[in-house]
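Report on the structure
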Amino acid sequence: MAGTVTKPKAEIPTIDVSLVTIQIGGNEFGFDTSNKVSVEAQTNTTDAVQLIIKGKLKAQKKAKTTLTGNQITLTDNVFNTDLAIAVQGGTAVYDATTHKLTSYTPAVAGEDKDLPSFVLNCYSAQYNAAGQIVNYEKISYPNCTGQPVAFSSEDGAFRAPEYTIDSAPADGEAPYTITYVDQLPTLTDPSYA
């Protein structure tokens, strides 16, 4: 005899990397040049304990997996100095007149850098059946820190740097939060004061 099965309250189809922002302290910067955000849950698993007598399983305490954070790999289609500085430190120098980037230098090798952690926000679009964007999903990852960045080049291909970011929740904090917003934050040109 078939029973009644309730549908989920929400079914949210999302697509694309619409925008990525980083919040450091009271500052936030964003970039719309990323095309891939890969997230891998970081876990710690305790072994199962089994009572086996003469080859027969009598009892067991199952293994337990604890989520400790997320490792995020962000693929960007351009070199972004603000992102590189947030992830691995360093300094960028801009020409005072033209505001063109003249150099970027990462933190010194072997230096014990103590960079501030940041919140990584990833936005994806939600479409309806008519092909219209109805809102945006925003996933926020807390307490992010980056790993050193390496740059590869290939003939006939634009460089797409990958940034590895570790996110670890604090005590009592969720490993991420998902919220829904009607529109993306507006990106503005930087000030060169």
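In this convention, every chain numbers its residues from 1, walking through the sequence in written order. The predicted nature of this model means local features are confined to residues of pLDDT at least 70 and side-chain atom pairs, given and counted, to a pLDDT of 80 or more, with totals for whole chains, interfaces and linings taken over all residues. The basis for every side-chain value is the complete set of heavy atoms in the structure, and neither hydrogens nor water enter the calculation.

Moving on to the confidence of the model for the protein. By definition, pLDDT measures how confident the predictor is in each residue, and it falls between 0 and 100. Overall, the prediction assigns the protein a mean pLDDT of 90, with 98% of residues at 70 or greater. Summarising per-element confidence for the protein, the mean pLDDT is lowest in helix H1 (residues 81-88) (89) and highest in strand S12 (residues 177-181) (96). Comment: elements are numbered from the N terminus, with helices defined as DSSP H or I runs of at least four residues and strands as E runs of at least two.

Let us now look at the environment of Gly131. With respect to the helices, strands and loops of the structure, Gly131 is situated in the loop between strand S9 (118-127) and strand S10 (133-146). Spatially, the C-alpha atom of Gly131 lies 15 Å from that of Ser18, the residues being 113 residues apart in sequence.

Stacked, edge-to-face and tilted are the three classes for Phe, Tyr and Trp ring pairs, Trp counted by its six-membered ring, which pair at centre distances within 6.5 Å; planes under 30 degrees apart are stacked, over 60 edge-to-face, the rest tilted. The full count for this structure, using the stated rule, is four aromatic pairs. A ring pair is formed by Tyr141 and Tyr176, whose centres lie 6.2 Å apart and whose planes are at 50°; its orientation type is tilted. Pair noted here: Tyr141 is in strand S10 and Tyr176 is in the loop between strand S11 (162-167) and S12, with a separation of 35 residues, a long-range link. Here a set of aromatic residues connected by ring pairs shows up, and it is made of Phe79, Tyr104 and Phe151.

Let us look at a nonpolar patch on the surface. The patches reported here contain residues having more than 30% relative accessible area and no salt bridge. Joining distances are 9 Å for like charges and 5 Å for nonpolar side chains (Val, Leu, Ile, Met, Phe, Trp, Tyr). Areas reported here follow the Shrake-Rupley algorithm with a probe of radius 1.4 Å; residue values treat only the protein chains shown as occluding. Definition used for salt bridges: Asp or Glu carboxyl oxygen within 4 Å of a side-chain nitrogen of Lys or Arg. On the surface, a cluster of nonpolar side chains totalling about 350 Å² of accessible area is made up of Ile12, Tyr176, Ile178 and Tyr180. Along the chain, the position of Ile178 falls in strand S12. Each residue's exposure class comes from its accessible area (1.4 Å probe, protein chains only) as a fraction of the maximum for that residue type: buried when under 20%, exposed when over 50%, partly exposed otherwise. Judged by its relative accessible area of 39%, Ile178 falls in the partly exposed class.

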